[in-house]
Number of protein chains: 2
Amino acid sequence: MLIAVDAMGGDFAPKEPCEAAILACKKNKNLNLALVGDTEKIKPFLEKADSNVRSRIDIVHAEEVISFDDSPSISIRKKKKSSLVVAFNMVRSGEADGVVSSGSTGAIAAGAVLLLGRIPGIDRPGLGVATPFENRTTLIMDVGGTVHCKPINLYQFALMGSIYMKLFYNVENPSVKLLCNGVEDIKGDEVISAARDMLLASNINYEGYAEGTDIPKGIADVVICDGFTGNALLKFGEGLGELIKRQFKEEFKHHTLPKIGLIFMWPAIRRIMARFEWEKYGGLPFLGVNGSVVKVHGRSKANALFYAINGTANFINNKGVGRIREELERKNGQDGTLC
Amino acid sequence: MLIAVDAMGGDFAPKEPCEAAILACKKNKNLNLALVGDTEKIKPFLEKADSNVRSRIDIVHAEEVISFDDSPSISIRKKKKSSLVVAFNMVRSGEADGVVSSGSTGAIAAGAVLLLGRIPGIDRPGLGVATPFENRTTLIMDVGGTVHCKPINLYQFALMGSIYMKLFYNVENPSVKLLCNGVEDIKGDEVISAARDMLLASNINYEGYAEGTDIPKGIADVVICDGFTGNALLKFGEGLGELIKRQFKEEFKHHTLPKIGLIFMWPAIRRIMARFEWEKYGGLPFLGVNGSVVKVHGRSKANALFYAINGTANFINNKGVGRIREELERKNGQDGTLC
């Protein structure tokens, strides 16, 4: 198996992608990686790898980089020598089995659609994130792949999200909720209520609207929303977490009592943190395209990238794309509402 | 001053609105309140009020209730004897100066627009929430008043939000950010980028896009978004807070060490909680209508309602609506982009 890792994507490239590649090859003896990017910039970070690991990491040169400022679809078309385009073309040609990138979500989405193509019947692919909440892992989808959604998009996210949770988390008949500004039937706008009608008419295990408050309760296996809202919500949660951390750090700096308290609390804090360690959840799968594509947070360090490479390997081993395609065809035959 | 309090709105009505009314009149000797709702249900909760307080609380009978399941605009038109409609009509006739309700956001929005009317030039009013973040109070607007927004709506939220922060938080030239799925110019959809262009062309202190992560950093005085996203984001944050609380409670139940730690940590936790006590921020102002309307969270207890009544009194004392109207006219004259 060969996974193409975009060595130039994200805030800490190429250092963190290179370190993640070393870590991944060390832990998984069957893994081969291609670090795609500027050879001269990548090389120094691979020096510390032992020979067995180093022999399974190829550097594939790509002289351009797609930045967060670039227009996604224009840059995919014009920057043919960029690390992301080269990585996608490796999957397209059959040379690689999947792509991992912590580059711009928009560029990854555009590249996946333009260079790998959508699974037949899929209108817009979606970016999901499997997040640990109370007693359950919930896939939130979409979190930035499709900013503006039509009802069919929300419906198809529910379908793909259900398949994903069944395949990768062994959830039988995953429950699906649609994010809304209230749980009452009259909430939402035309897009939301049309999506609800499609879900009710399908054989998806749709259980109604969910409010933002409900998600952390682990209210469903899949929570569906448009990419703009999903993105804002997820990032806001992240920002709140950071705010709380900073507040406690300030307290520890200026007061002794809480510092003593922390010593006693630490085991509990560690247990809670371990329960919600999103980094271990293997990146954000971009579902609905003809290839295993996993996006990683732009600010990710080696550890998160390592788990994303693992998640991609798992996706490929489980023939994720093929099984989603088959399930889609089967469901399409069953309820006739796919497109 | 007379404020009409919807005694039947929210999950804990009429008990909590009644207790909040007693508390508010006890603390503010110049305050008169009208508790609007079912007289027989309200009376028992006022028995414990002393005579001075009781003499300043009127019960205004309303036999109907608008529930969270009712269609907002239909129920405002049809349930003419509902507590919310009666409360709005008291403001409309000049009998009361403002309305406080923890009823359905949609019904409050519809009632305010249909019965009080919009401030001239305002396309859609917005619900704001002033939230304490790092070193700054940020008004997030809209959080559920206008689910689906046009560019003009986002622009006008920025305008009204700026005026609000200037009037009530003494912020000179409040900074405004527009919530987006990235900070780069190419992010967002057509609505977002059209709103950005309007903001750039205005004399509002617009400082660019903000991501969800940025909000808790206190990145701006006003953060603008559509009501669907704002609602989801805020409720998700609330849900995360509850999740963390539950996790720690479980730890304290099963382990002794963290319990000891909590004793030492408690002063720090209390200081942090005091810094972010949203309940004290006086409810959610519904801006853009001809009246002082403040929405309170449906799950609010007496304390949060008490602060909302205080906030409304403050809004009325400061002639909030009139000053927003004047500022709008002035700004309209200055930059000519109001409508």
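To be clear, the structure that these remarks concern was listed above.
Calculation rules
- Residues numbered from 1 in each chain as written.
- Chains lettered and ligands numbered in written order.
- Predicted model: local features only at pLDDT ≥ 70, side-chain atom pairs only at ≥ 80, totals over all residues.
- Heavy atoms only, no water.
- Helix = DSSP H or I, 4+ residues; strand = E, 2+ residues; numbered from the N terminus.
- Rg over C-alpha atoms; globule rule 2.2 N^0.38 Å.
- Buried < 20%, exposed > 50% of the residue type's maximum accessible area, 1.4 Å probe, protein only.
- Contact = heavy atoms within 4.5 Å.
- Areas by Shrake-Rupley, 256 points an atom, 1.4 Å probe, with all protein chains shown as cover.
- Lys, Arg positive; Asp, Glu negative; His and termini not counted.
- Charge placed at Lys NZ, Arg CZ, Asp CG, Glu CD.
- Axes fitted to C-alpha atoms, helices over the stretch in contact; angles between N-to-C directions.
- Left-handed = near helix turned anticlockwise from the far one by under 90°.
- Nonpolar A, V, L, I, M, F, W, Y, C, P; charged D, E, K, R; others polar.
- Least-squares fit on C-alpha atoms with pLDDT ≥ 70 in both.
- Phe/Tyr/Trp six-rings, centres within 6.5 Å; stacked < 30°, edge-to-face > 60°.
- Lys NZ or Arg CZ within 6 Å of the ring centre and 35° of its normal.
- Buried area = accessible area lost by both parts, 1.4 Å probe.
- Salt bridge = Lys/Arg side-chain N within 4 Å of Asp/Glu carboxyl O.
- Pairing = 2+ DSSP bridges.
- Expected span 1.5 Å × (residues − 1).
- Bend = angle between axes of the 7 residues up to and from the residue.

(A) Inspection of the overall build of chain A at higher detail. Looking only at helices and strands, chain A features 12 helices and 11 strands. Radius of gyration (C-alpha) of chain A: 21 Å, near the 20 Å computed for a compact globule of 339 residues. Projected onto the principal axes, the alpha-carbon positions of chain A cover approximately 60 × 60 × 35 Å. The buried share among the 339 residues of chain A stands at 59%. For chain A, long-range pairs separated by at least 24 residues make up 74% of all intrachain contacts whose partners lie at least 6 apart in sequence. When the accessible surface of chain A is totalled, it reaches about 13600 Å², and 51% of it is carbon and sulfur. Counting 42 positive and 39 negative side-chain charges, chain A places the centres of these two groups 4 Å from one another.

(B) View of the packing of helix α5 (residues 83–92) of chain A against helix α6 (residues 105–116) of chain A. All names here are of chain A. Between α5 and α6, whose axes approach to 10 Å, the crossing angle comes to 35°. You can see that α5 and α6 cross each other, and the crossing is right-handed. Taken together, the residues of α6 that come into contact with α5 (itself represented by Leu84, Val85, Phe88, Asn89, Val91 and Arg92) are Ala107, Ile108, Gly111, Ala112, Leu115 and Leu116. Taken together, the residues of the contact of α5 with α6 sort by class into nine nonpolar, two polar and one charged.

(C) Spotlight on the relation of the copies chain B and chain A. Between chain B and chain A, the superposition needs a rotation of 180° and an axial shift of 0.0 Å, giving an RMSD of 0.0 Å. Put plainly, the chains are arranged around a two-fold axis. The position closest to the rotation axis in chain B is occupied by the C-alpha of Gly261 of chain B, lying 2.0 Å away. When the interface residues of chain B are mapped onto chain A, 100% of them are again interface residues, pointing to one common binding face.

(D) The arrangement of the packing of aromatic side chains in detail. Residues and elements named next belong to chain A. According to the stated counting rule, one finds 15 aromatic pairs over all chains in the structure shown. When the ring of Tyr164 is compared with that of Phe168, the centres are 4.8 Å apart and the planes differ by 35°; the resulting orientation is tilted. One end of the pair, Tyr164, and the other, Phe168, are both in helix α7 (residues 151–169), four residues apart, so they sit about a helical turn from each other. Judged by its relative accessible area of 7%, Tyr164 is buried. Accessibility expressed as a relative area gives 15% for Phe168, which makes it buried. The structure contains a cluster of three or more aromatic residues connected by ring pairs, namely Tyr164, Phe168, Tyr169 and Phe315. Directly above the aromatic system of Phe12 lies the positively charged group of Lys301, at a separation of 4.8 Å from the ring centroid.

(E) Molecular detail of the interface of chain B and chain A. Across the boundary between the two partners, chain B contributes 60 residues, which contact 61 residues of chain A. Carbon and sulfur atoms make up 67% of the surface buried where chain B meets chain A, a total of about 5600 Å² over both sides. The tally of links from chain B across to chain A stands at 10 salt bridges. Here Glu251 of chain B ties to Arg275 of chain A by a salt bridge, and the two come within 2.7 Å at their closest N and O atoms.

(F) Local environment of the sheet that holds strand β6 (residues 136–141) of chain A. Residue and element names in this part refer to chain A. Taking strand neighbours across the sheet as the criterion, the 11 strands line up as β3-β2-β1-β4-β11-β10-β5-β6-β9-β7-β8 in an open arrangement whose pairing is mixed. In this open sheet, the two edge strands, each paired with only one partner strand, are β3 (57–61) and β8 (205–210). Strand-to-strand twist in this sheet, taken as the mean axis angle between neighbours without regard to direction, amounts to 25°. With five bridges connecting them, strand β1 (residues 2–6) and strand β2 (residues 32–37) associate as parallel partners. Paired with Ile3 across the bridge in β2 is Leu33. Against the sheet, α5 contacts β1, β2, β3, β4 (98–101) and β11 (292–295), and its axis sits at roughly 145° relative to β2.

(G) Representation of the sheet that holds strand β3 (residues 57–61) of chain B. All names here are of chain B. Spatially, the 11 strands line up as an open sheet ordered β3-β2-β1-β4-β11-β10-β5-β6-β9-β7-β8, and their pairing is mixed. Among the strands making up the open sheet, the edge pair consists of β3 and β8 (205–210). Strand-to-strand twist across the sheet, computed as the mean angle between neighbouring axes with direction ignored, equals 25°. In this sheet, strand β10 (residues 284–287) lies alongside strand β5 (residues 126–133) in antiparallel orientation, the contact comprising two bridges. Residue pairing in the sheet places Leu127 in a bridge with Phe286 of β10. Contacts from helix α2 (residues 39–46) reach β2 (32–37) and β3 within the one sheet, and its direction differs from that of β3 by about 160°.

(H) Representation of helix α10 (residues 257–275) of chain A. Compared with an ideal rise of 1.5 Å per residue, which puts 19 residues at 27 Å, α10 of chain A spans 27 Å between its outermost C-alpha atoms and is within 8% of the ideal. In α10 of chain A, a bend of some 55° at Met265 of chain A exceeds every other bend along the element, and Pro267 of chain A, a proline, comes one to four places later. Considering only its buried residues, α10 of chain A is in contact with α9 (227–254) of chain A together with α9 (227–254) and α10 (257–275) of chain B.

(I) Focus on α6 of chain A. All names here are of chain A. A rise of 1.5 Å per residue sets the reference length of α6, with its 12 residues, at 16 Å; its end C-alpha atoms lie 16 Å apart and thus fit the reference within 8%. Taking burial as the measure, the 12 residues of α6 include 10 buried ones, the bulk of the element. Taken together, the buried positions of α6 are occupied by Thr105, Gly106, Ala107, Ile108, Ala109, Ala110, Gly111, Ala112, Leu115 and Leu116. Looking at the buried side of α6, the elements it contacts are α4 (72–78), α5, β4, β5 (126–133), β10 (284–287) and β11. Two residues or fewer past α6, Gly117 is found with a positive phi of approximately 85°.

These figures capture arrangement, not role.
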